[in-house]
Amino acid sequence: MNPVLGRPRPKYTVRTAATFGVMALALASSMLAGPGAGVGSASSHREAPLIAADPQVDNTDVYAFTSPDKQDTVTLVANWLPFQEPNGGPNFYPWADGAHYDINIDSQGTGRPDVTYRWTFHTEDQRGTDTFLYNNGVVNNLTDPTLLFHQYYTLQELRPGCEPKTLVEHGTATPSDTGRASMPNYAQLRSQAGVQLPNGGRTVATQAADPFFLDLRVFDLLYGGNLSEVGQNTLAGYNVNTLSIQVPKSELAFKGDPGRNPVIGVWSSTEKQTMRLSPGKQEPTGKYVQVSRLGNPLVNEVVVPAGLKDAFNSLPPSEDHNQPALVNKVLNPEVPQLVQAIYGLPAPATPRTDLQEIFLTGIAKATGGPFQVDLNSQLMNQDINPKRFVPAEELRLNMSTPVTANPNRLGILSGDFQGFPNGRRLTDDVVDIALQVMEGATPGHLIPALAAGDGVNQADKPFSGSFPYVALPYAKAVNQPN
């Protein structure tokens, strides 16, 4: 049973409106720091100074949802290496050798992972001194000799107090899509790269069309001041590197019991070693260091101030509550005051305990926050020790929320409580939800003036109905006219 639908809504929806309104305006402000002409900053693409210079290990988005076609499982999708222009040869977009690409799950609310899925890649480059080409002929299969650049990975499952379990010993990553002539059937290559896991799940490492969709002209006085500048999906045409994994809910729930313990917290992170450079080569050395982290979209970009962004990327969620400067930016965020000064919209009263529930504790009666409904906090799990619970920035998912037969892109506004911030589906239209609730919309009662939203209601390329769900990568240059 959906833990929200059976509850009275007025108190919840009003406060939710305030919360998402701030998120929409935060998005507007964040675009001012975009990376350059024609490329905006979306979710956590290039969100901090150090990671912007190291895109191979830059987390961009995390999605977590009950698999619609296999509802005893959860699908986790994490993306890296943003703004991939499809024709970016000859080296294209490899994963970083030796880096730890992690998807972490916290089932107890401690801010520490109860399980981590870790991909570690290595490269076999057969080009040598013979050619500059990524492939020197048509590639129909991952084993074709015409494919000269190969990446392989080991996938491990890490649990505290247990030896690492190797789920995949020598998995093959789908290569970058070098074009229609080179790779006429990329879907076939992706299918060949898929791996069945011993726990009943499956995984794939692949390139994909960036699934995040929105019109970034929100920064031009909120779409021109009169919603005249809408309808352009600014991220259309760009690709990302994607790790997708589908696992049984019992693998993620505390004590393996999703019935009693249905809520999990999810975030992705990347660790790498220091590189020792010498002429023509580089060698990793020393301990692994966390360099990037992502749970909820937009947090590091618009909640965390510039001077703390790199530090946030290095912290585990378990330390968030010990960072008073960070917590203060949640309770007393900068963006609403800026919006009030610029747009004349009164900032909500502080401290923002509603934002604290969204970003740090999850929404549940036990948190003592303003919503007073049970939605997606680990404190809802019956077998955890509540004394160990700490506020931590994570994307929280209640695995017991039923899959919506006909998902609505507007989520909460349509009465569909399965989407963000209760996990995040690929089709959730976060921007339109935010624009509506900013003006007080409630489920079933939209604001007519904002009915068109940003004019971008879905991704440019349709998602698949089966794993890994993400769309195939773009092959046409971004600057090429239709």
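Residues numbered from 1 in each chain as written. Predicted model: local features only at pLDDT ≥ 70, side-chain atom pairs only at ≥ 80, totals over all residues. Heavy atoms only, no water.

Caption draft 1: Region of interest: the overall build of the protein chain. A count of helices and strands for the protein chain gives 11 helices and 12 strands. For the protein chain, the accessible surface area stands at approximately 19,200 Å², while carbon and sulfur atoms represent 53% of it. (Helix = DSSP H or I, 4+ residues; strand = E, 2+ residues; numbered from the N terminus. Areas by Shrake-Rupley, 256 points an atom, 1.4 Å probe, with all protein chains shown as cover.)

Caption draft 2: Here's a closer look at helix H10 (residues 353–361). With seven of its nine residues buried, H10 lies for the most part within the structure. Looking only at H10, the buried set comprises Asp354, Leu355, Glu357, Ile358, Phe359, Leu360 and Thr361. (Buried < 20%, exposed > 50% of the residue type's maximum accessible area, 1.4 Å probe, protein only.)

Caption draft 3: Up close: the pattern of salt bridges. Taken as a whole and assessed by the stated rule, the structure comprises 13 salt bridges. For Arg127, the salt bridge identified is with Asp125, shortest N-O distance 2.8 Å. We classify Arg127 as buried; its relative accessible area is 9%. Taking the relative accessible area as the measure of exposure, Asp125 reaches 41% and is therefore partly exposed. Between Glu394 and Arg396 there is a salt bridge; the shortest N-O distance is 3.7 Å. A relative accessible area of 1% places Glu394 in the buried class. Connected through salt bridges with shared partners, the residues Glu157, Arg159, Lys165 and Glu251 form a single ionic network. (Salt bridge = Lys/Arg side-chain N within 4 Å of Asp/Glu carboxyl O.)

Caption draft 4: Spotlight on the environment of Gln108. Mapped onto the secondary structure, Gln108 falls in the loop between strand E3 (100–106) and strand E4 (115–125). The class for Gln108 is buried, based on a relative accessible area of 12%. C-alpha of Gln108 to C-alpha of Met380: the two residues are 272 residues apart in sequence and 9.8 Å apart in space. Setting aside anything within four residues of it in sequence, one finds Gln108 in contact with Asp114, Phe254, Gln378, Ile384, Arg388 and Phe389. In this structure the side chain of Gln108 is engaged in a polar contact, spanning 2.7 Å, whose partner is the side chain of Asp114. Side chain to side chain, Gln108 and Arg388 meet in a polar contact 3.2 Å long. (Contact = heavy atoms within 4.5 Å. Polar contact = N/O pair within 3.5 Å; in protein donor to acceptor, adjacent residues only side chain to side chain.)

Caption draft 5: Structural context of the environment of Ser466. As for its placement among the helices and strands, Ser466 is situated in the segment after helix H11 (430–438). Ser466 gets classed as partly exposed once you look at its relative accessible area, which sits at 33%.

Caption draft 6: Structural detail: unusual backbone geometry. Residue Pro351 is reached from Thr350 by a cis peptide bond, and omega for that bond is 0 degrees. Examined against the element boundaries, Pro351 turns out to sit in the loop between helix H9 (334–343) and H10. In this chain, Phe420 is followed by Pro421 through a cis amide linkage whose omega measures 10 degrees. Tracing the sequence through the fold places Pro421 in the loop between strand E12 (395–398) and H11. The phi dihedral of Phe83 is positive, around 55 degrees, even though this residue is not glycine. Here Phe83 shows up in strand E2 (residues 73–84). You will see that Phe92, though not glycine, has its phi angle at about 55 degrees, which is positive.

Caption draft 7: A look at the side chain of Gln418. In this fold, Gln418 is placed in the loop between E12 and H11. Polar side-chain contacts of Gln418 include one of 3.3 Å to the backbone nitrogen of Thr404. Dropping the residues within four chain positions of it, Gln418 is found in contact with Thr66, Thr401, Pro402, Val403, Thr404 and Arg425.

Caption draft 8: Geometry of the nonpolar core. Judged by nonpolar contacts, the single largest core of 37 residues is most densely connected at Tyr101, Tyr117 and Trp119. Apart from residues lying up to four places away in sequence, Tyr101 is in contact with Gln56, Val57, Trp80, Trp95, Ala96, Tyr117, Arg118, Trp119, Phe121, Leu243, Ser269 and Thr270. Core analysis: the next-biggest nonpolar cluster, separate from the first, contains 28 residues, Phe212, Val431, Tyr469 and Val470 among them. (Core = buried A, V, L, I, M, F, W, Y, C linked by side-chain atoms within 4.5 Å.)

Caption draft 9: The confidence of the model for the protein chain, seen in detail. Per-residue confidence for the protein chain gives a mean pLDDT of 83; residues scoring 70 or more make up 81%. Overall, residues 1–41 carries pLDDT values under 50, and its contacts beyond four positions in sequence, including any with other chains, amount to 104 contacts. (pLDDT = per-residue confidence, 0-100.)

Caption draft 10: Geometry of the environment of Ala181. Position of Ala181 relative to the elements: it lies in the loop between strand E6 (165–172) and helix H3 (186–193). In sequence terms Ala181 and Val139 are 42 residues apart; their C-alpha atoms lie 8.9 Å from each other.

Caption draft 11: Representation of the pairing of strand E1 (residues 59–66) in the model. Of all eight residues in E1, eight are buried, a share of seventy percent or more. Looking at chain direction, E1 and E2 are connected through seven bridges and run antiparallel. Residue pairing in the sheet places Asn59 in a bridge with Trp80 of E2. Following E1, the chain reverses through six residues before pairing antiparallel with E2. (Pairing = 2+ DSSP bridges.)

Caption draft 12: Quick peek at the side chain of Ser292. Counting through the fold element by element, Ser292 comes out in strand E11 (residues 281–294). According to the relative accessible area criterion, Ser292 is buried, its value standing at 0%. Among the polar contacts made by the side chain of Ser292, one reaches the side chain of Asn59 at a distance of 2.5 Å.

Caption draft 13: Representation of the packing of aromatic side chains. Evaluation of the coordinates by the stated rule reveals 11 aromatic pairs. An angle of 85 degrees between the planes, with centres 4.9 Å apart, marks the rings of Trp95 and Tyr101 as edge-to-face. The rings of Trp80, Trp95, Tyr101, Phe121 and Tyr153 are connected pair by pair, giving a single aromatic cluster. The side chain of Lys461 reaches across the aromatic face of Tyr474, ending 5.2 Å from its centre. (Phe/Tyr/Trp six-rings, centres within 6.5 Å; stacked < 30°, edge-to-face > 60°. Lys NZ or Arg CZ within 6 Å of the ring centre and 35° of its normal.)

Caption draft 14: Spotlight on the sheet that holds strand E9 (residues 239–248). Reading across the sheet, the five strands line up as E1-E2-E9-E8-E7 and stay open at both edges, with antiparallel pairing between neighbours. Each edge of the sheet is formed by a strand with only one pairing partner; in this case those strands are E1 and strand E7 (195–196). With eight bridges joining them, strand E8 (residues 202–209) and E9 adopt antiparallel strand pairing. Within E9, the position partnered with Ala209 by the bridge is Asn239. Strands E7 and E8 of the sheet are contacted by H3, whose axis makes an angle of about 155 degrees with E8. (Axes fitted to C-alpha atoms, helices over the stretch in contact; angles between N-to-C directions.)

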